[in-house]
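Take a look at the letters that make up each chain.
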Amino acid sequence: MVDYTAQPLLGIDPTASMFSLALDDLLESILSVNVTNVAAGLAAICALCTTYLVNRRRLRTIKLRGPPRSSLLFGVDKIILRSSHSAAMYEAWYEEYGAAYEIPLTLGQKRIVLCDPKALVHFFGRDSSSYGLTPAEKIGLAKSIGKSVLWADGEIHRRQRKTLAPAFNSTSIRKLTPVFYDASHKLKMAWEAIIDTDESGSAIIEVQDWMNYVSLDSIGLAGFSHNFATLEGKKSPVSLALEAFGASKSSSASMDLFLLIQRFPILFSLPTYNNGLLNELYKATADISKTLFEKAKSEKEEGYLDGKEGDSIIELLIRTEDAETDAYLTREEVIAQMMTLLVAGYETTSITMTWALLELARHPDIQGRLREEILAFDGEPTYDQLFKDFPYFDAVVHEIFRLHPAALDITRMAKEDDVIPLSQPVRTKSGEVVHSLFVARGTFFCVPIIFLSHSDAIWGPGAKDFRPERWLERDGITKHAQEFQGYHHLLSFGDGPKTCLGKLFAIAEVKTVLWVLVKSFVIEMRDGPDTVVEIGEGILPRPKVAGEDGVKMPLRIKRYGG
């Protein structure tokens, strides 16, 4: 065991290092036992927390200002989780406390919220080395999609990412563009068949389900040369497991448990409904991933892949298994990457495409202008043309990713003591003005991507409006927004060493699907422009029409007759 009293104490909470080290050791011990020992484990953790809180009172700490607790037990966790407009909450706190502040969470836990551009450049530059996933995130990812590049930190992450990078560069994605077009045309034909059964010449179509189908089929073919055929009405254990999350409803008790799991990750072992969904998802994706891996492995051993460049991601990954280089993946790691692509790729692109159709339905003038640019081109553009030759199309897609990031925030934990620089000073709880933040190992952080994308202070007046023209105007992107790095000054794909590897994959898929649908159909709100849209629950938050069960997005679709 570690001598915790000998650890260096530095920064915002001098006891954080000691507590984090002790908790790491304790969790490692508890995770090796079965569920019958959970109560004893929790008792030990509570005792450790009590010791931590007592020590905190004895030691001087540097604390940032922040909102008061709205709940003695849950801090502000519950109001953030329940809010359909968390960006507005973060914006109010930003205006009151500055670009770095502290929020109280469940059972005394605290988290620093970073909104300062200079701090974020530093923070993301050290993502994976100085900053890593929280214990709850590590366990949750391992239980749902395996120990992939999303799960990994440090040297393991560097090696996995180096190996994966060639499969996701522009050369590889360029070859996959026909797969995206093929799935888009299957979707088009399915919608035309539905419309043709209605004498009105239009139909109410639940587009979120269809975006799920086109996303999963595209990933299956592009990633693994496997057709899930959900666009053709087939079901698979993977699609059923993914759909179960969208159909689930959270009670107040399940929300409480979710927040407690963030504090005590050992609770992932409890046989709850949501944990059951995670286990089903893991089993479904692991089974198909292992089957497809063995198929590709067999083809490699039989020489089928010799001299073949490989059109799917798995064919590229299978070549790296056990390679005698510093960039290789083991069998287990290849399967984990496959599981990650299935779940993360499916969820994020499906959500983005649903938001895209919703925004075009809300803004028929923008939809019309986009269609004009598309129809002015004869045929279907290549990958390079999709990315270079259509300025308004680009602007629409940028605006979708800006307003509707699939992940609303990024959370991390400091893996070592650090000093974070600030571009603008903040005032601490004691009234001191500081130009940098001293943080200790074990400190928790949050980057509120949804706020950074919606903030008037960053993007100027009208930041919350869907207005693609901002990307075409000379001063449309404010100087403040330009201080943020990432994809077109957005953090929708993250930044730094852990920036989303599948960025080009996602953009190419979104663009091809939108190209085919906008060219072929007129998309309208079912209940008119005043339709209320809420945030529903899935693996990630999804849009839904208010009053609909689950995460449903019914829109009116009719053929374009121009």
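Here goes a summary of the coordinates provided. (Residues numbered from 1 in each chain as written. Predicted model: local features only at pLDDT ≥ 70, side-chain atom pairs only at ≥ 80, totals over all residues. Heavy atoms only, no water.)

## Brief notes about the pairing of strand E1 (residues 100–104)
Argument step 1. Burial analysis of E1 places five of its five residues in the buried class, the great majority of the element.
Argument step 2. Residues Ala100, Glu102 and Pro104 line one face of E1 and the alternating positions Tyr101 and Ile103 line the opposite face, and both faces are buried.
Argument step 3. Bridge analysis of E1 against strand E2 (residues 110–114) gives five bridges, and the strand direction is antiparallel. For Glu102, the partnering residue across the bridge sits in E2 and is Ile112. (Buried < 20%, exposed > 50% of the residue type's maximum accessible area, 1.4 Å probe, protein only. Helix = DSSP H or I, 4+ residues; strand = E, 2+ residues; numbered from the N terminus. Pairing = 2+ DSSP bridges.)

## Structural notes on the packing of helix H8 (residues 170–196) against helix H21 (residues 503–520)
Argument step 1. H21 packs onto H8 with a crossing angle of 35 degrees between their chain directions and a minimal axis gap of 8 Å. The two elements H8 and H21 meet at a crossing, and its hand is right-handed. Of the residues in H21, those in contact with Ser170, Ile173, Leu176, Thr177, Phe180, Tyr181, Ser184, His185, Leu187, Lys188 and Trp191 of H8 are Leu504, Phe505, Ala508, Glu509, Thr512, Val513, Val516, Leu517 and Ser520.
Argument step 2. Looking at the contact of H8 with H21 residue by residue, the classes come out as twelve nonpolar, six polar and two charged. (Axes fitted to C-alpha atoms, helices over the stretch in contact; angles between N-to-C directions. Left-handed = near helix turned anticlockwise from the far one by under 90°. Contact = heavy atoms within 4.5 Å. Nonpolar A, V, L, I, M, F, W, Y, C, P; charged D, E, K, R; others polar.)

## Structural notes on the packing of aromatic side chains
When we look at a pair of aromatic rings, we describe it by the centre distance and by the angle of the planes.
Argument step 1. Per the stated rule, a full pass over the model turns up 20 aromatic pairs.
Argument step 2. Where Tyr94 meets Phe451, the ring centres are 5.0 Å apart and the plane angle is 50 degrees; that geometry is what we call tilted. Residue Tyr94 is found in helix H4 (residues 86–97), and its partner Phe451 is found in helix H18 (residues 449–454); the two are separated by 357 residues along the sequence. Accessibility classification places Tyr94 together with Phe451 in one group, the buried group. (Phe/Tyr/Trp six-rings, centres within 6.5 Å; stacked < 30°, edge-to-face > 60°.)

## What to know about the sheet that holds strand E3 (residues 131–132)
Argument step 1. Read across the sheet, five strands follow the order E1-E2-E8-E5-E3 without closing on themselves; strand pairing throughout is mixed. Both outer strands of the open sheet, E1 and E3, are each paired with one neighbouring strand and no more.
Argument step 2. One ladder, built from three bridges, connects E2 with strand E8 (residues 444–447); its direction is parallel. Within E8, the position partnered with Ile112 by the bridge is Phe445.
Argument step 3. Strands in contact with H4 are E1, E2 and E8; relative to E1, the strand with the most contacts, it is inclined by about 125 degrees.
Argument step 4. Helix H5 (residues 117–125) contacts E2, E3, strand E5 (410–414) and E8 of the sheet and is inclined by roughly 115 degrees relative to E8.

## Some thoughts on the pattern of salt bridges
Argument step 1. Within this structure, the stated rule accounts for 30 salt bridges.
Argument step 2. Glu192 is the salt-bridge partner of Arg559, the closest N and O atoms lying 3.4 Å from each other. Residue Arg559 is found in strand E12 (residues 554–559), and its partner Glu192 is found in helix H8; the two are separated by 367 residues along the sequence.
Argument step 3. Here Arg559 falls in the partly exposed class, since its relative accessible area comes to 38%. (Salt bridge = Lys/Arg side-chain N within 4 Å of Asp/Glu carboxyl O.)

## Notes on the sheet that holds E12
Note on sheets: strands pair through backbone hydrogen bonds, and any given pair is parallel or antiparallel.
Argument step 1. Judged by pairing direction, the sheet is antiparallel, and its three strands sit side by side in the order E4-E12-E9 without closing on themselves. Strands at the two margins of the open sheet, each flanked by one partner only, are strand E4 (202–206) and strand E9 (521–525). Strand-to-strand twist in this sheet, taken as the mean axis angle between neighbours without regard to direction, amounts to 35 degrees.
Argument step 2. Pairing of E9 with E12 involves five bridges; the strand directions are antiparallel. Looking across to E12, one finds that Ile523 is bridged to Ile557.
Argument step 3. Strands in contact with H21 are E9 and E12; relative to E9, the strand with the most contacts, it is inclined by about 90 degrees.

## Observations regarding the state of the cysteines
Each disulfide is one covalent bond, formed between the sulfur atoms of two cysteines.
Argument step 1. Using the criterion set out here, one finds zero disulfides in the structure.
Argument step 2. There is no disulfide at Cys115, and the cysteine sulfur nearest it, in Cys446, is 8.0 Å away. (Disulfide = S-S within 2.5 Å.)

## Points about helix H17 (residues 391–403)
Every α-helix carries 3.6 residues per turn, so stepping three or four residues along brings you back to the same face.
Argument step 1. Along its 13 residues, H17 runs 18 Å from first to last C-alpha, staying within 8% of the 18 Å computed at 1.5 Å per residue.
Argument step 2. H17 sits mainly inside the fold: twelve of its 13 residues count as buried.
Argument step 3. Here H17 has its buried residues at Tyr392, Phe393, Asp394, Ala395, Val396, Val397, His398, Glu399, Ile400, Phe401, Arg402 and Leu403.
Argument step 4. Here the buried face of H17 lies against helix H14 (331–362), helix H15 (364–375), helix H16 (383–388), H18, helix H19 (456–459) and H21. (Expected span 1.5 Å × (residues − 1).)

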